[in-house]
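Structure at a glance
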Amino acid sequence: MKRFLAFLLTLTLAAARPAASTYQVNSAASRITWTGYAEVGTYAPTGTVLLRRGTFEYDGRTPRNGRFEFDMRTLAQEQEQLAEHLRGADFFDVEKYPTAVFVLKDVQKGTARGQLTLHGITRLVQFPLLVERLPAGRLRITGTARLDRTLFGVNHNSSSFFQNLGSYAIRNDFQLAFDVVADKSIAE
């Protein structure tokens, strides 16, 4: 009898949980900004990369089960020579690795957890995010991720791998700030 009551309670709680809706990223309304850092001094170039597509589930409280594709060929910076270098073999080698993918597992207590594949290497990453409801059923997801590029095999001018770089040393960590707008899927 106790097992039966526990089973009924579990079913009731599962039924009370709101059904998840599928959302699709609106690439035109979303913005991904990266910032790199010199190891010495204050030089910190910034630029953008296009979030080509993305989908995730949202149950009214938290996003989960998402997949986001970044077009690394769109890696941009106001100094075109720097942008070309970043897209080249020394850094992100976009000819060989044109897409980066983040697979969102879940969000717990405002921290997203998932797998990022960048430069052909997949690593577990986590970062804080904020979800905001917008009019017309849209969602805005904002946050900042700090990533260590060397964990993804991007070692150019890293003092962890090369000595005596002086002012040419580049910090291993870089920042991705995201402002993603998503629309509820029409098929819902």
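Residues numbered from 1 in each chain as written. Predicted model: local features only at pLDDT ≥ 70, side-chain atom pairs only at ≥ 80, totals over all residues. Heavy atoms only, no water.

**Quick notes on the overall build of the chain**
As a reminder, the rule being used: Here a strand is any run of E in DSSP of at least two residues, a helix any run of H or I of at least four, and the numbering for each starts at the N terminus. Residue exposure (1.4 Å probe, protein chains only): buried if accessible area is under 20% of the type maximum, exposed if over 50%, otherwise partly exposed. Contacts are assigned to residue pairs with any non-hydrogen atoms lying within 4.5 Å of each other.
Looking only at helices and strands, the chain features two helices and nine strands. Listing the helices and strands of the chain from first to last along the sequence gives α-β-β-β-β-α-β-β-β-β-β. Here the chain holds 188 residues, and the buried ones make up 40% of them. Across the chain, contacts joining residues at least 24 apart in sequence account for 58% of those joining residues at least 6 apart.

**Looking at the packing of aromatic side chains**
This is how the line gets drawn: Pairing of aromatic rings covers Phe, Tyr and Trp, the last through its six-membered ring, and needs centres within 6.5 Å; plane angles under 30 degrees mean stacked, over 60 mean edge-to-face, and all others mean tilted.
Tallied over the entire structure, the rule returns seven aromatic pairs. Taken together, a centroid distance of 5.7 Å and an interplanar angle of 10 degrees make the contact between Tyr23 and Phe56 stacked. Of the two residues, Tyr23 sits in strand S1 (residues 21-25) while Phe56 sits in strand S3 (residues 46-58), which places them 33 residues apart along the sequence. A single burial state applies to Tyr23 and to Phe56, both of which are buried. When the centroid spacing of 6.2 Å and the interplanar angle of 70 degrees are considered together, the rings of Phe92 and Phe174 count as edge-to-face. Residue Phe92 is found in the loop between helix H2 (80-87) and strand S5 (99-108), and its partner Phe174 is found in strand S9 (residues 173-184); the two are separated by 82 residues along the sequence.

**Looking at the environment of Gln77**
Rules: The term polar contact refers here to a pair of N or O atoms within 3.5 Å; inside protein, the definition further demands a hydrogen-donor-capable atom paired with an acceptor-capable atom, and it admits residues adjacent in sequence only when both atoms are side-chain atoms.
Within the secondary structure, Gln77 sits in strand S4 (residues 63-77). What makes Gln77 buried here is its relative accessible area of 11%. Sequence-wise, Gln77 and Thr48 are 29 residues apart; in three dimensions their C-alpha atoms are separated by 6.7 Å. At 3.2 Å, the side chain of Gln77 and the backbone oxygen of Thr46 are in polar contact.

**Structural notes on unusual backbone geometry**
For Asn65, which is not a glycine, the phi torsion comes out positive at approximately 50 degrees. Mapped onto the secondary structure, Asn65 falls in strand S4.

**Here's the deal with the layout of surface pockets**
Worth spelling out the cut-off: Cavities and pockets were defined on a 1 Å grid built over protein atoms only: a cavity is a set of grid points that admits a 1.4 Å probe from which the probe cannot escape, a pocket is an open set flanked by protein on both sides within 12 Å along at least five of seven lines, and lining residues are those with an atom within 4 Å of any such point. Grid points are joined across faces, edges and corners, and a volume is the space filled by probe spheres set on the points. We call Asp, Glu, Lys and Arg charged. Ala, Val, Leu, Ile, Met, Phe, Trp, Tyr, Cys and Pro are nonpolar, and the rest, Gly among them, are polar.
Roughly 890 Å³ of internal volume is contained in the largest pocket. Forming the walls of the largest pocket are 46 residues, and the residues nearest its centre are Trp34, Gly36, Phe92, Phe174 and Leu176. Class assignment of the residues belonging to the lining of the largest pocket gives a composition of 37 nonpolar, six polar and three charged.

**Considering the pattern of salt bridges**
Selection criterion: A side-chain nitrogen of Lys or Arg and a carboxyl oxygen of Asp or Glu constitute a salt bridge if their distance falls within 4 Å.
The full count for this structure, using the stated rule, is 13 salt bridges. In this structure, Asp59 engages Arg64 in a salt bridge whose closest nitrogen and oxygen atoms are separated by 2.9 Å. Looking at Asp59, the relative accessible area reads 3%, which means it is buried. A salt bridge links Asp173 to Arg171; the nearest nitrogen and oxygen atoms lie 3.1 Å apart. Residue class for Arg171 comes out partly exposed when judged on its relative accessible area of 29%.

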